[in-house]
Amino acid sequence: MIPLIPPQGYCDERTFVTERDRIFLRNWIFACSTHELANHEDYRCVDIGGISVVLQNFDGEIRAFNNVCTHRFARLQPGQCGNREMKCPYHGWIFNGEGLPYAIPRKPLIAEITPETLCNYRLSRWHVRMLGPLIFIKKENYGEELPEDDFEQQLGDFAAPIAELATACGEIVENTEYRLKANWKLVVENTLEGYHVDCVHPNTIKKLGMAGLTKSTKGADSVVEAEEEHDPARQKGSYFTFSGQNSSVFSSLNPAVSERMDRTYKFLAQRPRKIDGYRHYYIFPAFVIASTRGESFSLQRILPIDAETTQLTSYLFATNGLDDLSKMDLALKKQFYNSAADFVRDIFAEDAGICEQVQLSVGFAHGTGVLSDEEQRICSFHEAYAAAMTDFRPTQTHHQPQ
Amino acid sequence: MQELEQFVTHFENAVEGIEPNSLTPETQYHKIAQWDSLALLCLLAMIDCEYQVQIPGMALKQCDTLRDVYNLVASRKLLEAA
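In short, a report on the structure.

In terms of regular secondary structure, chain B is built from 3 helices and 0 strands. Reading chain B from its N end, one meets helices and strands in the order α-α-α. Here chain B has a C-alpha radius of gyration of 12 Å; the compact-globule value for 82 residues is 12 Å, and the two agree. For chain B, with 82 residues in total, the buried portion stands at 45%. Look at the contacts in chain B between residues 6 or more apart in sequence, and 53% of them connect residues 24 or more apart. Between the centroid of the 5 positive side chains of chain B and the centroid of its 12 negative side chains there is a distance of 9 Å.

On to the interface of chain A and chain B, then. At the interface, 12 residues of chain A touch 15 residues of chain B. Where chain A abuts chain B, roughly 1200 Å² becomes buried across the two surfaces, and 58% of that area is made up of carbon and sulfur atoms. Contact with chain B buries surface across chain A, with Arg-260, Met-328 and Gln-335 of chain A losing the most and accounting together for 45% of the total. Put simply, chain A and chain B have 4 salt bridges between them. A salt bridge links Asp-48 of chain B to Lys-334 of chain A; the shortest N-O distance between them is 2.7 Å. Taken together, the links from chain A to chain B amount to 5 residue pairs in polar contact (both at pLDDT 80 or more). If you list the elements that add at least two residues to the side of chain A that touches chain B, you get helix H6 (255–264) and helix H7 (327–362) of chain A. Of the residues assigned to the side of chain A that touches chain B, the class counts are 5 nonpolar, 3 polar and 4 charged.

Reading guide: rules and limits
Residues numbered from 1 in each chain as written. Chains lettered and ligands numbered in written order. Predicted model: local features only at pLDDT ≥ 70, side-chain atom pairs only at ≥ 80, totals over all residues. Heavy atoms only, no water. Helix = DSSP H or I, 4+ residues; strand = E, 2+ residues; numbered from the N terminus. Rg over C-alpha atoms; globule rule 2.2 N^0.38 Å. Buried < 20%, exposed > 50% of the residue type's maximum accessible area, 1.4 Å probe, protein only. Contact = heavy atoms within 4.5 Å. Lys, Arg positive; Asp, Glu negative; His and termini not counted. Charge placed at Lys NZ, Arg CZ, Asp CG, Glu CD. Buried area = accessible area lost by both parts, 1.4 Å probe. Salt bridge = Lys/Arg side-chain N within 4 Å of Asp/Glu carboxyl O. Polar contact = N/O pair within 3.5 Å; in protein donor to acceptor, adjacent residues only side chain to side chain. Nonpolar A, V, L, I, M, F, W, Y, C, P; charged D, E, K, R; others polar.

The structure is reproduced here in structure tokens:
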């Protein structure tokens, strides 16, 4: 398979600007978890292609706005997260959950602001949708009617299984931000293939014994034979599924390992979502959710900072539904999730290293490169990317009266 | 001595597949057939649960026998109580 994105597409600054406008401002983006916005005036900022978006809890309602004051353009919430009213630190304008300034110091001195014109100073808004404890946002474009099922449309056939995973997420075990010196597309592509496991993860993922592919096919019912059937560390039963811009992979695990896990971690038997093996879903452009056996849930948000820098935010959730545990089971649970967090951290370090290495050389690569059947999900990603980059509909990005 | 024997019993109960009363304080725990990464997690959980001491897995590298592990736990407990 021939890739659709040329090497220059991974380091061109103009491409980055176009991507921001055509992709990240036109799709649902996973922002954060409700755990981070549990209390009134809790806020969290997310940087989407250089645009700071602030999510804030207003008496239990989560709202999202461009993090910029409509008075003289200062950043409203200065930190990454915290608990603070939405008050501009520059001149003290305070905004409510509708994005309207309801407290303006010395307002009579600003003749242009009347009850009729106040709406002109409303903050630029983002739509908000929840999926279990997960919060997604999408830029609200002036004059655009959003279909009721717009969010579900973006998830496609994966809406139901992802909802099942999301609603099984319990407490956050770990939440880490990584800043990688690599283009966001390289980071996405890295998550979409297991071809690199032998070289990049020989002491981590490879030891789990998940199968590689000799060939792949589109369709949920296809099962692919493992490459080395004589190797007891390799298991059968890995396949891809595609839905629109999105893709997933299922990998079965060593049955003996699974049975051992069941016997050791008996308390996990009460988890609400028992998955057979490992499932990994990618939702274009920036969201990954994965789970091994429904015991823990690993989520990533992959957002461009610039053409050669990516902010990767990683969440590891425990499963919910683990109630009334004995003292020993509580201790086992702690060890289990600490071990899972260590594992995820090690994998990210390995992947970050290789992505940054690629970024150093992709700028002077020639040719198109090539994709193996095991990298079919990258092909799907390229198709979605190409469609998004050419399907350009101009949107109103400046403020309009509401 | 009784506490050390109790520790060995806790170990036998925590790690799957070990016959009761099959180990001694001089057993090189990391060489038994049942020892792997899961067994390590179970050991650490047992120590946390029974002795209220949290030991990083790396600390066990200096321990060869169950007696060594017990002494490590006892010394950590004394340190935390001080």
